[in-house]
Each structure stands twice: as C-alpha cells, then as structure tokens.
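Given next are the chains, with one letter for each unit.
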Amino acid sequence: MSLKIQIIVAVVLIVALVAIINMVRKEALDIRFALSWLTVGVIVLFLDVFPSVMDWLVHLFGIELPVNMMFFFGFCFTLFLVFGLTIKVSRQSEQLKRLTQEVALLEKSLEDVKNNE
Amino acid sequence: MRKLIIIPAYNEQGGIEKTVQDVQKHAPDFDFVVINDCSTDNTLEICRKNQFPVVNLPVNLGIGGGVQTGYVYAYRNDYDIAVQFDGDGQHNAVYLKDMAEKLTGEHLDMVIGSRYIKKEGFQSTGLRRIGIKYFTWLIRLVTGQKIMDPTSGMRMVNRDVIEFYAKNYPKDYPEPESVVTILKKGKKVREIPVQMNAREEGISSISPKKSVYYMIKVSLAILIAALRR
C-alpha cells in the first residue's frame, strides 16, 4: 500500500469520524446508533496506520489479497448492520401501532366522558 | 351478555351508512363501533354527522392493526362477544344472531361466517377461490381442522379470544393466520353458512400484484403459527 493512499484513507476516515461525532453532539444522531459506525471507523483507521497488522490478519485467515479481506469484512459488517436495523424497524412498527391504537382509544373515551356530562 | 360489532373502515364513505343501518336493523341487541383507519375520504365526517360511535386512528395501520384496535376496545369495555363486520356492505347482519346463538349454545371460541358451506350468494372470483381452497388445505395440514372459508372477515369470538387478539393480532392479511393461532391454542372454531354480497363500494385490499405477496406471506405465517405452542 502506497503512503499516498494511506494518507488519503486516513484523511477521509478522520473527516467521517469527526462528522459522526459532530452529529451526535448536535443530537442529530443517536449515540447508540453511532457506536457501531465509530467502532468500524476506528478499526479501519488503525489498519490504515499499521498496515503490518493487516498483513498479519490476512495471513491468519488464509486470504490471498488484503483487499479481499477488506471487501469480505466490509460486506459482513454491512449485512450485520442492515439486519440490526430491520429488527429495530420491526420493533418500532409494533410500538407505533400500539401508540396509534392508544391515542385513538383515549380520544374515544374522552368523547364518551364529554357526551355523558 | 355484552356484544360488540367491530366495523373496520378505510375509505368507506359510500357504504358505511348502509352497513350501520343493516346492523341497527338486524342486530339491535349488539353495540357497534366503527374503526376509522385514517380514511382519506369523508368516512369520519359521515360517522360524526350520524353520531356513530367511532374510534379514529390518527395513522393508517392497515386491516390488522385496525381490527385489533376493536378487540382492545371490546376487552377494555368488558364485552363478552365481539364480531368483525366489514364496512363495505359485503356482510349481512341478519346472520349475527345465529352466530351468537351458535357461539354461546355450543360453547365455542369462534364462529366464522362461511360462504362455502351452502355455496350461496357471492362466491368470490375463480383464482381467489383456488387460493382459499389452498388455505383450507394448508390449515388442515397443520391443525387437522377443516375451515371452509379461512379468509372470511366475518367472525365472532368469545371473551377469551378477544383478550388474546387484543394482545396478538397479525398486521396484514390477518384472517387465515389468526384462525391458526387460536386453533393451535386448542380453541374451538366452527363455521356457519352465510351469504355475502359482491362489493358495492370501495376496492379490495388485495390487488393482483399484491396477491403473490399475500399467498407467500400468509403461507409462511401459517407455518410459523403452527410451530408456536
């Protein structure tokens, strides 16, 4: 890996990390959801700064090219994250349904009370 | 004995008054409540004008969430019997009395108004009937019980099932799946012959495009419901 690309990757990652932290600071992003992104950003930055660690990992997993390892783990991470979001969406749609029902039923009982007065 | 008719309504401005008149005429000892599922037409205004009791959902939930709202309402207001009754004029209220008598007389948990026992009245269209027969077969496979009209939206339940449905009810295309869940709980379900009408107003929630999704989703839901204890 050339020093040039190392520097470019590091700059991009640092900008992204700062942007994420800034969004959390402004409460535009929930810290619970930012955590996984921050973690993966820090790991990639670490591998970028210490490429020898990457070579060691590639050897450990028996993968031919470092770039393949990046694709593979990147893909796994994305799947993991998307599935996590699917679970959250399911839970939230259930919560939203319950809230909607409660609001409607409350409105109805409020009307009933009014009509009885 | 407190009995409630749950009328789910989504954009039923053309049929809701007729439906309520039918109910008031033929099932006077039942209370009723319209569940307005965030209609975009004048369904709500028509209900308010006629002073129909209405639960107005602020967000569209679809048929499952809407009907479940009715069951929660029935549960909290101490109803002993609740029945689903479509707001589009497809169901006839004359059968409600018989359904209630069968439910209490035979100590059942659910009575379904079935189009396919006497095969009278509107029988749905060709492909749909094949789909319905397939669900009958699938439900028989996983529960051993023969339900001739598992997609019928006209179903009456006792307090046990009201409580269960208030807690658990499928979100979309709920009919076949919700029958399987209670059959698996050992509840007694029987059918009674009824005649239904072809839809006069509104459109079916199951378009041709959605029917493929419908078949797959409901099949999977039935199989998963069969795995539950």
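Above this text sits the structure in question.
We now examine the overall build of chain A. Regarding its fold elements, chain A presents four helices and zero strands. For chain A, the sequential pattern of α-helices and β-strands runs α-α-α-α. On C-alpha atoms alone, chain A measures out to a radius of gyration of 23 Å, which is more than a quarter above the 13 Å that the 2.2 N^0.38 rule sets for 117 residues. Seen along its three principal axes, the alpha-carbon backbone of chain A occupies a region of about 80 × 30 × 15 Å. The buried share of chain A, reckoned over its 117 residues, is 20%. Of the contacts formed within chain A by residues at least 6 apart in sequence, a portion of 46% connects residues at least 24 apart.

What follows covers the sheet that holds strand β1 (residues 3–9) of chain B. All names here are of chain B. Within the open sheet, the seven strands sit side by side as β3-β2-β1-β4-β6-β5-β7. Their pairing is mixed. The sheet terminates laterally at β3 (54–56) and β7 (189–193), the two strands that pair on one side only. Averaged over all neighbouring strand pairs, the angle between strand axes comes to 20 degrees, with direction disregarded. Sheet topology places β1 next to strand β4 (residues 81–84); four bridges connect them, and they run parallel. From the neighbouring strand, L4 faces β4, where its bridge partner is A82.

Below, the discussion takes up unusual backbone geometry. For A:E27, which is not glycine, the phi torsion reads 60 degrees and is therefore positive. Checked against the element boundaries, A:E27 lands in the loop between α1 (3–25) and α2 (31–49). Even without glycine at this site, B:N11 takes up a positive phi of about 50 degrees. Here B:N11 is to be found in the loop between β1 and α1 (16–26). With a relative accessible area of 24%, B:N11 lands in the partly exposed category.

Residue and element names in this part refer to chain B. All chains considered together, the criterion is met by 14 aromatic pairs over all chains. When the ring of F164 is compared with that of Y165, the centres are 6.1 Å apart and the planes differ by 50 degrees; the resulting orientation is tilted. One exposure class covers both F164 and Y165, and it is buried. Through a chain of ring-to-ring contacts, the aromatic side chains of Y134, F135, W137, Y173, Y213 and Y214 assemble into a single cluster. The ring centre of F30 lies 4.9 Å from the NZ or CZ of K3, which sits over that ring.

Residue and element names in this part refer to chain B. Helix length check: helix α5 (residues 126–143) (18 residues) gives 26 Å between terminal C-alpha atoms against 26 Å at 1.5 Å per residue, within 8%. Within α5 the residues assigned to the buried category are G131, I132, F135, T136, L138, I139 and V142. Buried residues along α5 sit against α7 (175–184) and α8 (208–227).

With that settled, consider the interface of chain B and chain A. Chain B puts 20 residues into the contact, and the matching count from chain A is 14 residues. Taking both sides of the interface into account, the surface hidden between chain B and chain A amounts to around 1400 Å²; carbon and sulfur atoms contribute 54%. Ranking the residues of chain B by area buried against chain A places B:L61, B:R76 and B:K171 at the top, with a combined share of 30%. Where chain B packs against chain A, one counts four salt bridges.

Reading the values: rules and limits
Residues numbered from 1 in each chain as written. Chains lettered and ligands numbered in written order. Predicted model: local features only at pLDDT ≥ 70, side-chain atom pairs only at ≥ 80, totals over all residues. Heavy atoms only, no water. Helix = DSSP H or I, 4+ residues; strand = E, 2+ residues; numbered from the N terminus. Rg over C-alpha atoms; globule rule 2.2 N^0.38 Å. Buried < 20%, exposed > 50% of the residue type's maximum accessible area, 1.4 Å probe, protein only. Contact = heavy atoms within 4.5 Å. Pairing = 2+ DSSP bridges. Axes fitted to C-alpha atoms, helices over the stretch in contact; angles between N-to-C directions. Phe/Tyr/Trp six-rings, centres within 6.5 Å; stacked < 30°, edge-to-face > 60°. Lys NZ or Arg CZ within 6 Å of the ring centre and 35° of its normal. Expected span 1.5 Å × (residues − 1). Buried area = accessible area lost by both parts, 1.4 Å probe. Salt bridge = Lys/Arg side-chain N within 4 Å of Asp/Glu carboxyl O.

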